[in-house]
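So the chains spell out like this:
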Amino acid sequence: QNNLPGGDYPVTVTDENSCTLEQVIQVTSNPAVVVDNINASFITSGSDGLVNIDVSGGTSPYTFQWSGPNNFTATTEDISGLSASGEYCITITDASGCEVESCASVLEQLSFGDINMTNSCAETATGTVDITVNGGQSPYTFLWSNDATTEDLMNVAQGDYSVTVTDALGNTFNGSFPVNSFAPIFVSETVVNVTGDENNTNGAISINPVLGNSNYTYQWNTGATTSSINNLGNGEYCVTITSEDGC
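Below: a short report on this structure. (Residues numbered from 1 in each chain as written. Predicted model: local features only at pLDDT ≥ 70, side-chain atom pairs only at ≥ 80, totals over all residues. Heavy atoms only, no water.)

**Focus on the overall build of the protein**
Scanning the protein from terminus to terminus reveals zero helices and 20 strands. Since a compact globule built from 247 residues should have a radius of gyration of about 18 Å, the 39 Å found for the protein marks it as more spread out than a globular shape. In terms of its C-alpha atoms, the protein occupies a principal-axis envelope of roughly 150 × 35 × 25 Å. Counting across all 247 residues of the protein, residues that qualify as buried make up 25%. (Helix = DSSP H or I, 4+ residues; strand = E, 2+ residues; numbered from the N terminus. Rg over C-alpha atoms; globule rule 2.2 N^0.38 Å. Buried < 20%, exposed > 50% of the residue type's maximum accessible area, 1.4 Å probe, protein only.)

Here you go:
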């Protein structure tokens, strides 16, 4: 018989004269090869990923055969200097030909990629924080200090905003981002009231924004788009002033 598990096997042998011999034959089995630990580190600086293993059982010596991304191969017990993220698998064979296989994922360290922030207009909530995340295992979840759970923040006021990023494997990474405020726009105005008959149109208004940023645009309720308007009659005149920052 072949391919028997370990154990005791009784056998009876009978010859042509009907004489018999009984015997118990013991088949021993080697202890199984076991991967006790397989630990992978993050890739943090280009080519510093590694995988370490602990092996027990079986019959030494062992042979090792690794495979991984980009046709990676190695025959050492541990591997290091890894630059490609992905799954690395090892087949361990003991002196009796028994095998065991195990795999580990080597990932890039969680980090922030491109980050863009826009200021908020004074005393309003128009700021934004736009982040990207690299490394780890997607999908990611986000928890901001203002309880937002989106990747990016929109319509936020001036202040500092921190975020905890968690990847699919439970790894976390933190960051904090300041949202500044544009200078407020203050306006000085010169008003020339209507004189003479109440139906005259000799009034005028001239406005001069101060602080804020330059290059203002103007939109009056009369349709005018200049900083000064003339030939005005009695009435209320309103203007919207917008800076080059959109405030």
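Having put the structure on the table, let's press on.
**Points about the nonpolar core**
Grouped together as the largest cluster of nonpolar side chains are 17 residues, with contacts concentrated most on V51, I53, W66, I79, Y88 and I92. Apart from the residues lying within four places of it in its own chain, the contact partners of W66 are I38, V51, I53, F72, T73, A74, T76, E77, I79, Y88, C89 and I90. Counting 15 residues, the second largest nonpolar core, distinct from the first, contains F112, A148, V156 and V163. (Core = buried A, V, L, I, M, F, W, Y, C linked by side-chain atoms within 4.5 Å. Contact = heavy atoms within 4.5 Å.)

**Digging into unusual backbone geometry**
Note the cis peptide between S60 and P61, where omega equals 5 degrees. Examined against the element boundaries, P61 turns out to sit in the loop between β4 (49–57) and β5 (63–68). Here the residue pair S138 and P139 is connected by a cis peptide bond, since its omega of 5 degrees sits within 30 degrees of zero. Of note, P139 is situated in the loop between β11 (127–134) and β12 (141–144). Its identity as a non-glycine residue notwithstanding, N71 has a phi of 60 degrees, on the positive side. Topologically, N71 is positioned in the loop between β5 and β6 (72–74).

**Let's talk about the packing of aromatic side chains**
The final tally for this structure, using the stated rule, is five aromatic pairs. Here F112 and F173 contribute two aromatic rings whose centre-to-centre distance is 5.0 Å and whose plane-to-plane angle is 50 degrees, an arrangement assigned as tilted. Here the residue F112 occupies a position in strand β10 (residues 111–118), and F173 occupies one in strand β15 (residues 172–179), the gap between them amounting to 61 residues. For F112, a relative accessible area of 18% translates into the label buried. By relative accessible area, F173 is classed as partly exposed at 26%. Ring geometry for F112 against F177: centres 5.3 Å apart, planes inclined by 85 degrees, an arrangement best described as edge-to-face. Residue F112 is located in strand β10, and its partner F177 is located in strand β15; the two are separated by 65 residues in the primary sequence. Assessed through its relative accessible area of 5%, F177 is described here as buried. Among the aromatic residues, ring-to-ring pairing joins F112, W144, F173 and F177 into one connected group. (Phe/Tyr/Trp six-rings, centres within 6.5 Å; stacked < 30°, edge-to-face > 60°.)

**As for the sheet that holds β4**
Taken together, three strands build an open sheet; the order of strands is β3-β4-β7 and the sheet is antiparallel. In the strand order of this sheet, the two ends are held by β3 (33–40) and β7 (79–82), each with one partner. Taking the axes of each pair of neighbouring strands and ignoring which way they run, one obtains an average angle of 15 degrees across the sheet. Pairing analysis gives seven bridges linking β3 to β4, with the strands arranged antiparallel. The residue bridging V35 from the neighbouring strand is V55, located in β4. (Pairing = 2+ DSSP bridges. Axes fitted to C-alpha atoms, helices over the stretch in contact; angles between N-to-C directions.)

**A closer look at a nonpolar patch on the surface**
On the surface, a cluster of nonpolar side chains totalling about 330 Å² of accessible area is made up of V11, V13, L21 and I25. Listing elements by their share of the nonpolar patch, those giving two or more residues are β1 (7–14) and β2 (20–27). For I25, the position within the fold is in strand β2. Classification of I25 by relative accessible area gives partly exposed; the value is 45%. (Patch = residues over 30% accessible without salt bridge, like charges linked within 9 Å, V, L, I, M, F, W, Y side chains within 5 Å. Areas by Shrake-Rupley, 256 points an atom, 1.4 Å probe, with all protein chains shown as cover. Salt bridge = Lys/Arg side-chain N within 4 Å of Asp/Glu carboxyl O.)

**What about the state of the cysteines?**
Defined simply, a disulfide is a covalent bond joining two cysteines at their sulfur atoms. In this structure the tally under the stated criterion is two disulfides. Between the sulfur atoms of C89 and its disulfide partner C103 the distance amounts to 1.9 Å. Torsion about the S-S bond of the C89 and C103 cystine: about 110 degrees, corresponding to right-handed handedness. With C89 in strand β8 (residues 86–93) and C103 in strand β9 (residues 99–106), the pair connects residues that are 14 residues apart, well separated along the chain. When its relative accessible area of 14% is taken as the criterion, C89 is described as buried. By relative accessible area, which is 30% here, C103 ends up partly exposed. Through a disulfide, C121 is tied to C247; the S-S separation comes to 2.0 Å. The chirality of the disulfide connecting C121 with C247 is left-handed, given an S-S dihedral of about -90 degrees. Within this pair, whereas C121 is found in the loop between β10 and β11, its partner C247 is found in the segment after β20 (239–242), the two being separated by 126 residues in sequence. Take C121: its relative accessible area is 12%, and that puts it in the buried class. Numbered by order of appearance in the sequence, the disulfide-linked cysteines of the protein pair as 1-2, 3-4. (Disulfide = S-S within 2.5 Å.)

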